[in-house]
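Chain by chain, the residues:
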Amino acid sequence: YLSVTPTPNPQFSQFKSAKPRKSPHFAQTHFASLHENGPIVQKSNLDQFSSLCKNGQVREAVGLLTAMESENLRIGPQIYGELLQGCVCERAFFTGQQIHARIHKSGESIARNEFVETKLLIFYAKCNAHEVAFRLFSRLEVHNVFSWAAIIGLHCRMGNHEEALLGFCEMQNNGFPDNFVVPNALKACGALKLIGFGRGVHGYVVKMGFDGCVFVGSSLVDMYGKCDEVEDARKVFDEMLDRNTVAWNSMIVGYVLNGLNEEAIEMFYDMRVEGVEQTRVTLSSFLTASANLGALEEGLQGHAIAVLCGFEVDNFLGSSILNFYVKVGLYEEAELVFRSVSKKDVVTWNVLICGYVRNGKFQKALDLCQLMRAENMRFDSVTLTSILSMCADTSNMKLGKEGHCYCIRNNLESDLAVASSTINMYAKCNRINSAIQVFKSTTKRDLVLWNSLLAAYAELGLSGEALKLFYKMQLDGVPPNVISYNSLILGFLRNGQVDEAKDMFSQMQSLGILPNLITWTTLISGLTQNGFGYDAILIFRQMQEAGVQPNSVSLISALSACTALALLHYGRTIHGYITRHDLFPSIPMATSLVDMYAKCGCLYQAKNVFDTVVNKELPVYNAMISGYASHGQAVQALSLFKHLEDVGIDPDNITFNCILSACNHAGLVSEGLELLNDMASKHNIKPGMEHYGCVLSLLSKSGNLDKAYELLETMPYEPDAFMLGSLLASCKEKHETELGEYLSEHLLQLEPGNSGNYIALSNVYATAGMWDVVTKVRNVMKEKGLHKNPGCSWIQIGKELHVFVSGDESHPKTKDIYATLALLGMEMHFSEHAPMIY
């Protein structure tokens, strides 16, 4: 029986040291069968049978059986047992069935022999012929330890872990303790994450004295690792007197499963120092840990060890090597490994396809999918999830529908991961009705599926529908988690419902659901975008107090809030945090810092940040050029713009918008016109409305009304109110009453309710001395109920915003303010008339 497990299995060697307990009935039946009436088979024949079967020469053994039958020798149970054992080792299912037929022909004494029946059960169980195995097991009059081991092992291989544990319990009740069955029971506990049952089995192991068995110890390590109790796994591992490769592998795998990748790598090196032989499982786990950490050097070492040890790059090891290269971004090396994998399975293909999709290499992913189909490989749920995710990112509705149809044709539409991806795809393609239809057609809905539709509603700002779905999922017995709340908060913020988002944030905390990084980031970003910058800063501070470390997105959102409100103090604080945590090298982070300092009036600090960026990219240049433009430093802006060409970076629409704005502020007419022409002719960029608007404003301010009007007539866009307003304002300076009337007529059609347009027209007439017309314009404003909104200055101190309007005395500290202004005026007056000291 000990040789039933195939010899290539590295775990098999651990069984030999332990002696299983056999039932007396089994032993008596077996030995009694060797002395039946008839010619007795010689021991040499039995040895020959055993040798042939162990060497994998099952056909020769069958031939020897035929020769013995021709000599009318009585074939006993042991011969059939050896033959069935050989079939198990070679997985020779058809030959085993032929032997089974011969056993039936041999008569009831052989066919109903307990030893033979047990061997048949083991054969069918090992060959995964579960229906026959279960039938044989139920037919056995007496269940011995070997039949229990076979049927429990079969349940485990089939994934029937509950049945395996029930069988283990029944076996114990019938008095069959056995250390060979314990590993299967522990495997089932690990698969089901039944840590309580697993600890009970561990107690049974200690009680029965099986803890000295290395295979049992390895299974305990494996069980604790899979049940997320990695400390207990390590305790068992450290107490093992004899550790083999399986024990080390179980510990390394446990570390990887629990995200302790550094510990896994450290244990791998300890294993090498101890001189323990590494297997493909060892290297696969080591490579996975290296991939998770992005540890390039370690992963390369793992690949090198695999080559030096002569391991075949099959689908198992090849997929791990491939996954490592994909995770660290070495796609050329990944493609070489992919081509070298001897027998690619769907997992191998999926690793590379998923990697391409994650990194935005969509065309390569599509090409690989087509090649996969050309090689007659079927897509599984992972492949389709990747394809649908790609369709969502690219809004490729046509391909997404084809993927959905493939799911339906191949009965994969009920797969929850595929259904979630399909919902996400339709939502990203703005087909929410199709997403709802997929949701409704999925009968078994888990929390992930509910969250997928919630996220779809949130992305589109459909907060009302999201809230209804949120309550419906609870009525259906699905409690929401932090992801559900994140989607609701996002939906409210997308719809401008800030108070509702805050209420939902408070509600989740009151229910004991802790906000995660995404919750905090969503709230900070949403509040900033909705104009609640100070609230965003307060949430950012609460996030740090809660011990949640902000990521680049939350930091950039907080910086945007500081920029919008010119909160220089908070901006500097965030900059200090970024510097302390070594987050500065990020290009988006540097861009946000440059923008924040420039818009808060600290141009020198913006320049300092800009200068410290080693590998500058276009967004950082754009932020710095914009900063120079807003501070009226057009010469520096033009110099930096020209520097882009020196470093080989092509400008974009934003760059030209910034540099044209700089020319507009400084009145650089010729430079502005030249840049507008260069956009299309030199840089192949089509000027947009904002670019024409800058140049029109530039020409208007400089008094070039003819050129401005000519540009207005020739540009490929209909002028907007900003453009017409710029020209109308210049008409006042140049006394162009007729042109002003013409422009105001068009402007009032575009914005009939804008009081500023009437004021601008009134000023044109006033400059020309046409006071009667001025009176008419003012009367029209009164009839329409339009009032000019006065310009104001403001300053924010803490959370309070102080607004000042010319001539306004509503501020509670008006007297103090005016007294201070009077003192400043007096000091300025005396300073002006004070004698000069040389």
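Since the structure is predicted, the reported quantities are computational estimates derived from the model, not experimental observations.

A.B. asks: Account for the environment of Gly571, with residues named and values stated.
C.D. replies: Along the polypeptide, Gly571 turns up in helix α34 (residues 568-580). Among the residues examined, Gly571 registers a relative accessible area of 0% and is labelled buried. When near neighbours in sequence (up to four residues on either side) are disregarded, Gly571 contacts Leu559, Cys562 and Met596.

A.B. asks: Requested: an account of a nonpolar patch on the surface, with residues and values cited.
C.D. replies: Taken together, the side chains of Tyr818, Leu821, Leu824 and Met828 define a hydrophobic patch exposed on the protein surface, amounting to about 430 Å² of accessible area. Classification of Tyr818 by relative accessible area gives partly exposed; the value is 39%.

A.B. asks: Break down a negative patch on the surface for me, with residues and values.
C.D. replies: There is a patch of like negative charges on the surface, built from Glu262, Glu263, Glu266, Asp270 and Glu274. Within the secondary structure, Glu266 sits in helix α16 (residues 261-273).

A.B. asks: How would you summarise the side chain of Ser285 if you had to cite specific residues and measurements?
C.D. replies: By the element assignment, Ser285 lies in helix α17 (residues 280-293). Classification of Ser285 by relative accessible area gives buried; the value is 10%. Once residues lying within four places of it in the same chain are set aside, the contact partners of Ser285 are Ile252, Val253 and Val256.

A.B. asks: Before we move on, could you go through helix α14 (residues 230-239) and cite the residues and values that matter?
C.D. replies: Looking at α14, one finds that the buried residues are Val230, Asp232, Ala233, Val236 and Phe237. Down the axis of α14, the sector holding all buried residues measures 160°, keeping them to one side. Among the exposed residues of α14, those oriented more than 90 degrees off its buried face are Glu231 and Glu239.

A.B. asks: Break down the UniProt feature "repeat: PPR" (unreviewed entry) in the chain for me, citing the residues and quoting the values.
C.D. replies: When the UniProt feature table is mapped onto this chain, "repeat: PPR" (unreviewed entry) is found at residues 144-178, 244-278, 345-379, 446-480, 481-515, 516-550, 617-651 and 652-687. Helix makes up 74% of residues 345-379 and strand 0%, whereas the separation of the span's terminal C-alpha atoms amounts to 11 Å. Spanning residues 617-651, this segment combines 74% helix with 0% strand, and its end C-alpha atoms are found 10 Å apart.

A.B. asks: An account of helix α31 (residues 517-529) is requested, with residue identities and associated values reported.
C.D. replies: Spanning 13 residues, α31 covers 18 Å between terminal C-alpha atoms, matching the ideal 18 Å at 1.5 Å per step. For α31, the tally of buried residues reaches 10 of 13 residues, placing the bulk of the element in the interior. Here α31 has its buried residues at Thr519, Trp520, Thr521, Thr522, Leu523, Ile524, Ser525, Gly526, Leu527 and Thr528. Tucked inside the fold, the buried residues of α31 contact α29 (482-494), α30 (498-510), α32 (533-545) and α33 (552-565). N-capping of α31 is provided by Asn516, with a side-chain oxygen placed 3.1 Å from the backbone N of Ile518. Of the residues trailing α31, Gly531 is marked for its positive phi of about 85°.

A.B. asks: Which residues make up the packing of helix α35 (residues 587-599) against helix α36 (residues 603-612), and what values do they have?
C.D. replies: Contact pair α35 / α36: the axes reach a minimum separation of 7 Å and the direction vectors enclose 165°. With respect to each other, α35 and α36 are oriented roughly antiparallel. The chirality of how α35 crosses α36 is left-handed. In this structure, α35 contributes Ala590, Leu593, Val594, Tyr597 and Ala598 to the contact, and α36 contributes Leu603, Gln605, Ala606, Val609 and Phe610. Class assignment for the residues of the contact of α35 with α36 results in nine nonpolar, one polar and no charged.

A.B. asks: Which residues make up the environment of Tyr406, and what are the values?
C.D. replies: One can find Tyr406 in helix α24 (residues 397-409). A sequence separation of 22 residues divides Tyr406 from Leu384, and the C-alpha atoms of the two residues are 8.6 Å apart. Once residues lying within four places of it in the same chain are set aside, the contact partners of Tyr406 are Arg373, Arg378, Phe379 and Leu384.

A.B. asks: Can you lay out unusual backbone geometry for me, pointing to particular residues and giving the numbers?
C.D. replies: Generally, phi is negative for residues other than glycine and the peptide bonds are trans, each holding for most cases. The phi dihedral of Asn430 falls on the positive side, at around 60°, and the residue is not glycine. As for its placement among the helices and strands, Asn430 is situated in the loop between α25 (416-428) and α26 (432-441). Given a relative accessible area of 56%, Asn430 falls into the exposed group. Even without being a glycine, Asn684 presents a positive backbone phi close to 55°.

A.B. asks: Quick one: what's the story with the packing of aromatic side chains, residue by residue and with numbers?
C.D. replies: Applying the stated criterion across every chain yields a total of 21 aromatic pairs. Relative to Phe123, the ring of Phe93 has its centre 5.8 Å away and its plane inclined at 15°; by these criteria the two rings are stacked. Separated by 30 residues along the polypeptide, Phe93 in helix α5 (residues 93-105) and Phe123 in helix α7 (residues 114-126) bring together distant segments of the chain. With a relative accessible area of 0%, Phe123 lands in the buried category. An aromatic cluster is built from Phe93, Phe123 and Tyr124, whose rings are joined through pairwise contacts. In this structure, Arg373 packs its charged tip against the face of Phe379, placed 5.6 Å from the ring centre. Across from the ring centre of Phe610, 5.1 Å away, lies the NZ or CZ of Lys616, which sits over that ring.

A.B. asks: Tell me about the nonpolar core, and please be specific about residues and values.
C.D. replies: Ile103, Val182 and Leu453 are the most contacted members of the largest nonpolar core, which has 233 residues in total. Per-element tally for this core: the top contributor is helix α9 (residues 145-158), with nine residues. Leaving out residues up to four positions away in the same chain, Leu453 has contacts with Ile423, Ala435, Ile436, Phe439 and Leu469.

A.B. asks: Outline the environment of Val88, listing residues and values.
C.D. replies: On the secondary structure map, Val88 appears in helix α4 (residues 77-90). What makes Val88 buried here is its relative accessible area of 1%. Taking the C-alpha atoms as reference, Val88 lies 7.1 Å from Cys127; in sequence the two are 39 residues apart.

A.B. asks: Account for the pattern of salt bridges, with residues named and values stated.
C.D. replies: Tallied over the entire structure, the rule returns 15 salt bridges. Here Glu117 and Arg139 are joined by a salt bridge, their closest N and O atoms 3.3 Å apart. Residue Glu117 is located in helix α7, and its partner Arg139 is located in helix α8 (residues 130-139); the two are separated by 22 residues in the primary sequence. Taking the relative accessible area as the measure of exposure, Glu117 reaches 6% and is therefore buried. Salt-bridge contacts for Lys682 lead to Glu645; the nearest nitrogen and oxygen are separated by 3.7 Å. With Lys682 in the loop between α40 (669-681) and α41 (689-701) and Glu645 in helix α38 (residues 634-646), this residue pair connects regions lying 37 residues apart in the sequence. Here the salt bridges share partners, and the residues they tie into one network are Arg199, Glu229 and Asp232.

A.B. asks: With reference to specific residues and values, describe the state of the cysteines.
C.D. replies: Note on terminology: disulfide describes a covalent bond linking the sulfur atoms of two cysteines. Inspection of every chain in the model, using the stated rule, returns zero disulfides. Cys405 carries a free sulfur, and the closest cysteine sulfur to it, the one in Cys407, is 8.9 Å from it. Exposure remark for Cys405: the relative accessible area of 37% places this residue in the partly exposed category.

A.B. asks: Can you lay out the packing of helix α19 (residues 315-327) against helix α20 (residues 331-340) for me, pointing to particular residues and giving the numbers?
C.D. replies: Packing of α19 against α20 leaves a shortest axis separation of 8 Å and a crossing angle of 165°. One finds that α19 runs roughly antiparallel with respect to α20. Regarding α19 and α20, the two cross each other, and that crossing is left-handed. Listed contacts from α20 to Gly318, Ile321, Leu322, Tyr325 and Val326 of α19 are Tyr331, Glu333, Ala334, Val337 and Phe338. Looking at side-chain class alone, the contact of α19 with α20 contains eight nonpolar, one polar and one charged residues.

Cut-offs applied
- One numbering rule holds for all chains: residues counted from 1, following each sequence as written.
- Where local features are concerned, this predicted model is filtered to residues with pLDDT of at least 70; where side-chain atom pairs are given and counted, the filter is 80 or more; whole-chain, interface and lining totals use all residues.
- For the side-chain quantities, the full set of heavy atoms in the structure was used; hydrogens and water were omitted.
- Under the DSSP-based scheme used, a helix requires at least four consecutive residues in state H or I and a strand at least two consecutive residues in state E, with every element numbered from the N terminus.
- Exposure classes here rest on a 1.4 Å probe applied to the protein chains alone. A residue is buried below 20% of its type maximum, exposed above 50%, and partly exposed in between.
- It only takes one pair of heavy atoms within 4.5 Å for two residues to be counted as in contact.
- Note that patches include only residues with greater than 30% relative accessible area and no salt bridge, and the join distances are 9 Å for like charges and 5 Å for nonpolar side chains (Val, Leu, Ile, Met, Phe, Trp, Tyr).
- All accessibility values rest on the Shrake-Rupley procedure with a 1.4 Å probe; residue burial counts only the protein chains present in the view.
- The rule for a salt bridge is simple: a side-chain nitrogen of Lys or Arg has to be within 4 Å of a carboxyl oxygen of Asp or Glu.
- Counted charges follow a simple rule, with Lys and Arg positive, Asp and Glu negative, and His plus the chain ends left uncounted.
- Just so you know, the charge point we use is NZ for Lys, CZ for Arg, CG for Asp and CD for Glu.
- Note that the arc is computed from the directions linking the helix axis to the C-beta atoms.
- UniProt positions are given in the numbering used here, feature names are shortened, and annotations may be inferred rather than shown by experiment.
- Here the expected span of a helix is defined as 1.5 Å times the quantity of residues minus one.
- Pairing of N or O atoms within 3.5 Å defines a polar contact, subject to two protein rules: one partner must be a possible hydrogen donor and the other a possible acceptor, and residues neighboring in sequence count only if both atoms are side-chain atoms.
- Axis definition: a line fitted to C-alpha atoms, over the contacting stretch in the case of helices. Angles run 0 to 180 degrees between N-to-C directions.
- Convention used here: angles under 35 degrees read as roughly parallel, angles over 145 as roughly antiparallel, angles from 65 to 115 as roughly perpendicular, and any remaining angle as oblique.
- The crossing is said to be left-handed when, going from far helix to near helix, the turn is anticlockwise and less than a right angle, and right-handed when the turn is clockwise.
- All residues other than Ala, Val, Leu, Ile, Met, Phe, Trp, Tyr, Cys, Pro, Asp, Glu, Lys and Arg, Gly among them, are scored as polar; the first ten of these are nonpolar and the last four charged.
- Any pair of Phe, Tyr and Trp rings, taking the six-membered ring for Trp, is counted once the centres come within 6.5 Å. Such a pair is stacked with planes under 30 degrees apart, edge-to-face with planes over 60 apart, and tilted for the rest.
- For a ring to carry a charge above it, either NZ of a lysine or CZ of an arginine must fall within 6 Å of the ring centroid while also lying within 35 degrees of the normal to the ring plane.
- Nine residue types can take part in a nonpolar core, namely buried Ala, Val, Leu, Ile, Met, Phe, Trp, Tyr and Cys, and a core is a set of them joined through side-chain atoms within 4.5 Å.
- A pair of cysteine sulfur atoms is labelled a disulfide when the two atoms are within 2.5 Å.

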